[in-house]
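So you can see what is in the structure, the chains are spelled out below.
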Amino acid sequence: MSSQPDYHAAGELLRALAAPTRIAIVTELSKGPQCVHEIVDALDAPQPLISQHLRVLRGAGVVRGERRGREIAYALTDEHIAHIVADAIHHAGEAHS
């Protein structure tokens, strides 16, 4: 077992978050689980675009889906993801001040 940090996994996580729409989705999901139509409404974005970004986030292990009847509610897999995104947004705001 290696004691080296897993830079590859961290890079994959950051790559999955490296799109403004995905950052917005993570921010929305930090408020709690939501279905696709709720995310679409909150972000005022086309449903196919949101679904495509959710697929990337799910593939990266950032979000998980849980069936609610005919819909799937998406949630963050880990609270740390919300903190990473919030910190990045905060830092970006400081850099432009």
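Further up the page is the structure itself.
Residues numbered from 1 in each chain as written. Predicted model: local features only at pLDDT ≥ 70, side-chain atom pairs only at ≥ 80, totals over all residues. Heavy atoms only, no water.

Novice: Before we go on, may I ask you to explain the overall build of the protein chain in this structure?
Specialist: What the protein chain contains, in helices and strands, is 5 helices and 3 strands. When its helices and strands are written in sequence order, the protein chain yields α-α-β-α-α-β-β-α. With 97 residues in all, the protein chain has 30% of them scored as buried. The contacts of the protein chain with a sequence gap of at least 6 include a subset with a gap of at least 24, amounting to 54%. Accessible surface computed for the protein chain: about 6600 Å², of which carbon and sulfur atoms make up 55%. (Helix = DSSP H or I, 4+ residues; strand = E, 2+ residues; numbered from the N terminus. Buried < 20%, exposed > 50% of the residue type's maximum accessible area, 1.4 Å probe, protein only. Contact = heavy atoms within 4.5 Å. Areas by Shrake-Rupley, 256 points an atom, 1.4 Å probe, with all protein chains shown as cover.)

Novice: Quick question: what am I supposed to make of the side chain of Glu28 here?
Specialist: In this fold, Glu28 is placed in helix H2 (residues 20-29). The exposure class assigned to Glu28 is buried, which follows from its relative accessible area of 11%.

Novice: Whenever I open this one, the pattern of salt bridges confuses me. Can you help?
Specialist: On inspection of all chains with the given rule, the structure shows 2 salt bridges. Glu12 is the partner of Arg15 in a salt bridge, and the nearest nitrogen-oxygen pair spans 2.8 Å. Highlighted residues: Arg15 and Glu12, both in helix H1 (residues 7-16), separated by 3 residues, approximately one helical turn. Close ionic contact of Lys31 with Glu28 constitutes a salt bridge, the shortest N to O distance being 2.9 Å. Residue Lys31 is classed as exposed on the basis of its relative accessible area, which comes to 63%. (Salt bridge = Lys/Arg side-chain N within 4 Å of Asp/Glu carboxyl O.)

Novice: Looking at this structure, I do not really get the environment of His83. What am I missing?
Specialist: One can find His83 in helix H5 (residues 79-95). On a C-alpha basis, the gap between His83 and Ala73 in space is 21 Å, while along the polypeptide they are 10 residues apart.

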